[in-house]
Amino acid sequence: MSSRLATRIGALALPNPLICGAGEPVLTAAGIRAALHAGAAGVIAKSLNERPEGAAQLEAADYTFLAQDHRPAGAGPSLLNRSGLAPYAPEAWFATLAGLDAAAARSGRFVAASLVLAAEAGAVRIAGLARAAGLRVFELNVGAPHAGEAAAGAITQQNDPAGLAALVRAVRAATQGMQLWVKLTGLATNLPALALAARDAGADAVVMMGRFMALVPDLETLAPALGTNAAYGGPWALPIVCRFLAESRRAVGADFPLLGTNGVRSGEDLARLALAGASAGEVLSVVMAEGFGALGRILAELEAFLERRDLSFAGLIGRAADARRGYGELPALSGRWRSFVPPETLERSAT
Ligand SMILES: Cc1cc2nc3c(=O)[nH]c(=O)nc-3n(C[C@H](O)[C@H](O)[C@H](O)COP(=O)(O)O)c2cc1C
């Protein structure tokens, strides 16, 4: 693999910017090994927390891929689902992950522990267990989309900057010496303020953004697809993530690492995330649709793009974000709107 792909998240140097995000494909050691074998620079292992309800919800998890017209489609491009959490004791799961992480470190890669927030005390305790197990990276997800649907208190979103700062300070104290990454929601609009709060409270990086919540009426059954509201993601989400990355980069500064997630389906998409300010990208749905081979495909596509343009991945980071202008800075385009209306609009008699 070429050095064009190299990136870094603060002190953590990585051979490439592709991370397999948390989710069911990496709910087992075999899945994590398969993701690394396929080329991922790292894996965020399936999340857990201290509440049994989150793990119980895994038994009622359901999934459907949807086409652009919102009808069920074999393998994508969009994914609607409700998920649950890993049904493991953290001590046992983290011991497994620490063994995988130590092996991954030999080729400059990593395996991270992840927690979906329920409450601060549980997060601090479990983060401490990850550190005690010898793990190097802890991802704290404070924005899981299922918070409003799960059993009360089982999954919590923290979208208030002051509340987030207090939480991150507490988890930071329990994870000294580790990389602490904070994953933010896709259901709030104050991501730059949240990213800033996480940075100032001691996070090493911020990941954005969680998927959206949706209701997809099914025209066959006339009922909601999957029977509930559910988390929804697809390639259409990528440009929205890019805008929040760019806005957050402006808030936290170019030196603070941001990671992008939500909607990456190709190597070109990973380049788009970087241009918007991401130092790496987390992907998952594409692995559920195509298998772990999708990771190798994405890396090959990214490498081909970089070679074609004689660019390096690190050289892409933030370029489009920093080239943005405000609407007020633009010259007049004298009536360009006329090219985007039906001809009747421009008939002479119209006023
Ligand atoms: C079925 C499923 C389960 C997921 N489980 C978790 C999880 O346990 N913890 C977490 O932080 N994110 C979880 N995610 C979010 C993914 O890690 C990823 O950030 C998100 O799906 C957006 O990227 P994608 O478009 O590549 O799927 C899950 C996503 C899906 C689809």
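Cut-off values and rules
Residues numbered from 1 in each chain as written. Predicted model: local features only at pLDDT ≥ 70, side-chain atom pairs only at ≥ 80, totals over all residues. Heavy atoms only, no water. Axes fitted to C-alpha atoms, helices over the stretch in contact; angles between N-to-C directions. Helix = DSSP H or I, 4+ residues; strand = E, 2+ residues; numbered from the N terminus. Parallel < 35°, antiparallel > 145°, perpendicular 65-115°, else oblique. Left-handed = near helix turned anticlockwise from the far one by under 90°. Contact = heavy atoms within 4.5 Å. Nonpolar A, V, L, I, M, F, W, Y, C, P; charged D, E, K, R; others polar. Core = buried A, V, L, I, M, F, W, Y, C linked by side-chain atoms within 4.5 Å. Buried < 20%, exposed > 50% of the residue type's maximum accessible area, 1.4 Å probe, protein only. Pairing = 2+ DSSP bridges.

Orientation of helix α6 (residues 191-200) relative to helix α7 (residues 238-252), taken along the N-to-C sense of each, is 45°, at an axis distance of 8 Å. In terms of their interaxial angle, α6 and α7 are classed as oblique. The interaxial crossing formed by α6 with α7 has right-handed handedness. Listed contacts from α7 to L191, P192, A195, L196 and R199 of α6 are F244, E247, S248, A251 and V252. By residue class, the composition of the contact of α6 with α7 is seven nonpolar, one polar and two charged.

Counting 85 residues, the largest nonpolar core has I32, L97, F138, L140, L184 and M208 as the members making the most contacts within it. No other element matches the seven residues that helix α10 (residues 293-309) contributes to this core. Setting aside residues up to four positions removed in sequence, L184 forms contacts with V142, G143, L164, L191, L194, A195, V206, V207, M208, M209 and G210. Membership of the second largest hydrophobic core comes to 15 residues, among which are I19, F110, L259 and A280.

Attention shifts here to the side chain of H146. Relative to the helices and strands, H146 is located in the loop between β8 (137-141) and α5 (161-174). When neighbours within four sequence positions are excluded, H146 is seen to be in contact with Q57, N81, R82, S83, I155, M213 and A231.

Moving on, we come to the sheet that holds strand β3 (residues 18-20). In a beta sheet, neighbouring strands pair by backbone hydrogen bonds and run either parallel or antiparallel. Taken together, eight strands build a closed barrel; the order of strands is β3-β4-β7-β8-β9-β10-β13-β14 and the barrel is parallel. Pairs of neighbouring strands in the sheet enclose a mean axial angle of 25°, with direction left out of account. Note that β8 and strand β9 (residues 179-183) share five bridges and pair parallel. Of the residues in β9, the one forming a bridge with E139 is W181. Relative to the sheet, α5 contacts β8 and β9, its axis offset from that of β9 by approximately 155°.

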